[in-house]
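# Observations on chain architecture
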Amino acid sequence: MTKYILSSREFRDEFITQIHEISDEYQFIHYDKATSIDWSNVAITIGWKEEWAGKLLANASLEWVQGISAGVDTLPLAQFAQKNILLSNGSGIHAQSITDHLIALLFMESRGIFTAIKKQVERQWQPHGIPYSLLSDKEILIAGTGKIGQALAKALNFFGTQPVGINTTGHAVDGFKETYPLEELIEQSQKADCVINILPLTPETTRIYNSHFFNSMKSSASFYNVGRGPSVDTVALTEAVRQKEIAFAALDVFEEEPLPANDPLWTLENVLITPHISGLTPHFQKAFMAIFMDNFRNFIHEKKLVRNQVDVTKGY
């Protein structure tokens, strides 16, 4: 009996050929191009769509979901756990792209480039009104010390900055001067010149960046979010920026996406908005399929995953 690998996105023929070379028992199906699907034969999915849940979770054929992104908070994790469905993610693929994005923003902020751009639009020559600082002088707190956090820490080390990290337990991680548990986020944010969120979304991190958090930050500090939108209480952040409780916010992800045109964040001078682009990655298919193929080979023989397996009870 042919088993199906159902994909939420299209992949190049070369990768589909590799799948069939590994095992001819599995047929790759791109969901958007399929005229009909026998849902009882779907054993693996690449990606996930909400409308699949009722069809795939009603039978016992689904064994493994390979998530495309690093975040898995939108997936029915409790049902995966109940049915012993394996889950892996795309963690690591976006690390260099997000690092490049953040380093660019950090330098633009420290060298006053945002202000210079505004002054150029206004045709104003005001060299004395442009703020500047050294990136190496900044105390940077990175919340999330996984693959992205580690890539960013390595880059910051190169530029003379040793960041402080936040993770679940406070365990030590290479590239970080110090690390602290999540429960100390508020305490450590009081010392930081810049807080960067790269945390996964879990019940513990949902709206963890609230009014209490922003009130604890230095008024000269900045907040960057390339993690998950719902980690931030948008109303609290908006008020903190508007009242200058913090100096600047660079936001790539939001509670509601697309960000509504009437959202007040659009109009605030000390906010930079990017439309969830920090993770856009050249050669994505090649990097993603390297993870999938390694997992697929092992899954065929041992029904186990070797890369990026997610603990569905924890969400990361």
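Please read these numbers as outputs of a predicted model, since none were measured by experiment. (Residues numbered from 1 in each chain as written. Predicted model: local features only at pLDDT ≥ 70, side-chain atom pairs only at ≥ 80, totals over all residues. Heavy atoms only, no water.)

### Describing the sheet that holds strand β6 (residues 140–143)
Short version of the rule: The pairing criterion is simple: DSSP has to find at least two bridges between the two strands. Strands are runs of DSSP state E lasting at least 2 residues, helices are runs of H or I lasting at least 4, and numbering of each runs from the N terminus. Working convention: axes come from line fits to C-alpha atoms, limited for helices to the stretch in contact. Angles between N-to-C directions cover 0 to 180 degrees. Residue contacts are counted whenever heavy atoms from the two residues lie within 4.5 Å of one another.
Here we have seven strands laid out as an open sheet, ordered β8-β7-β6-β9-β10-β11-β12, and parallel in their pairing. In this open sheet, the two strands that pair with only one neighbour each are β8 (178–181) and β12 (271–273). Going from strand to strand, the sheet's axes swing by 15° on average, the running direction of each strand aside. One ladder, built from three bridges, connects β6 with strand β7 (residues 164–167); its direction is parallel. Bridging from a neighbouring strand, Ile142 pairs with Gly165 of β7. Taken strand by strand, helix α6 (residues 147–158) contacts β6 and β9 (194–197), and its axis lies near 165° from that of β6.

### Here we look at the UniProt feature "domain: D-isomer specific 2-hydroxyacid dehydrogenase catalytic" (unreviewed entry) in the protein chain
This is how it is decided: UniProt positions are given in the numbering used here, feature names are shortened, and annotations may be inferred rather than shown by experiment.
As annotated by UniProt and renumbered to match this structure, "domain: D-isomer specific 2-hydroxyacid dehydrogenase catalytic" (unreviewed entry) occupies residues 55–305. Across residues 55–305, helical content stands at 33% and strand content at 13%; the span's end C-alpha atoms are separated by 24 Å.

### Some details on the pattern of salt bridges
Side-chain pairs of opposite charge can arise whenever the charged atoms involved come near each other. Our working definition: Any carboxyl oxygen of Asp or Glu that lies within 4 Å of a side-chain nitrogen of Lys or Arg is treated as forming a salt bridge with it.
Within the structure shown, the criterion is met by 12 salt bridges. The salt bridge partner of Arg207 is Asp233, with a shortest N-O separation of 4.0 Å. Remark: Asp233 occurs in the loop between β10 (222–225) and α9 (234–242) and Arg207 occurs in the loop between β9 and α8 (211–216); sequence separation between them is 26 residues. Between Arg297 and Asp294 there is a salt bridge, with the nearest N and O atoms lying 3.5 Å from each other. You can see Arg297 and its partner Asp294 sitting in helix α10 (residues 284–302), three residues apart, about one turn around the helix. One continuous salt-bridge network, built from bridges that share partners, spans Arg207, Asp233 and Glu255.

### Here's the deal with the domain arrangement of the protein chain
Put simply, the test is: Source of the domain bounds: an automatic or database domain assignment. Accessible area that two parts lose when put together, evaluated with a 1.4 Å probe and summed over both, is termed the buried area.
The domain architecture assigned to the protein chain consists of domain 1 (3–92 + 282–302) and domain 2 (94–273). Taking the mean C-alpha position of each, domain 1 and domain 2 sit 34 Å from one another. The interface is formed by 10 residues belonging to domain 1 together with six residues belonging to domain 2. Of the roughly 610 Å² buried between domain 1 and domain 2, counting both surfaces, carbon and sulfur atoms make up 49%.

### A few points about empty space enclosed by the protein
The line we're drawing: Put simply, the grid is 1 Å and covers the protein atoms alone, a cavity is a trapped set of points that fit a 1.4 Å probe, a pocket is an open set with protein on both sides within 12 Å along at least five of seven lines, and lining residues have an atom within 4 Å of a point. Grid points are joined across faces, edges and corners, and a volume is the space filled by probe spheres set on the points. Think of it as three bins: nonpolar holds Ala, Val, Leu, Ile, Met, Phe, Trp, Tyr, Cys and Pro, charged holds Asp, Glu, Lys and Arg, and polar takes everything else, Gly as well.
This model, assessed by the stated rule, comprises one cavity of 30 Å³ or more. Of the pockets and cavities examined, the largest cavity occupies roughly 50 Å³. Split by residue class, the lining of the largest cavity holds six nonpolar, three polar and one charged.

### A short note on the layout of surface pockets
If a probe as big as a water molecule is rolled over the atoms, it shows which places are left empty. Approximately 1100 Å³ is the volume attributed to the largest pocket. In terms of lining residues, the largest pocket is bounded by 46 residues, among which Ala70, Ser91, Ile198, Leu199 and Pro200 are the most central. Elements supplying a minimum of two residues to the lining of the largest pocket: α6 and β7. No other element matches the four residues that α6 contributes to the lining of the largest pocket. When the residues that make up the lining of the largest pocket are grouped by side-chain class, the tally is 17 nonpolar, 24 polar and five charged. Both of domain 1 (3–92 + 282–302) and domain 2 (94–273) provide at least three residues apiece to the lining of the largest pocket. Estimated volume of the second largest pocket: approximately 650 Å³. In terms of lining residues, the second largest pocket is bounded by 27 residues, among which Thr115, Ala247, Phe248, Glu269 and Asn270 are the most central. The leading source of residues in the lining of the second largest pocket is helix α5 (residues 113–121), at five residues.

### Quick notes on the UniProt feature "domain: D-isomer specific 2-hydroxyacid dehydrogenase NAD-binding" (unreviewed entry) in the protein chain
UniProt feature "domain: D-isomer specific 2-hydroxyacid dehydrogenase NAD-binding" (unreviewed entry): in the numbering of this structure it lies at residues 103–278. For residues 103–278, the helix share is 28%, the strand share is 15%, and the end-to-end C-alpha distance is 11 Å.

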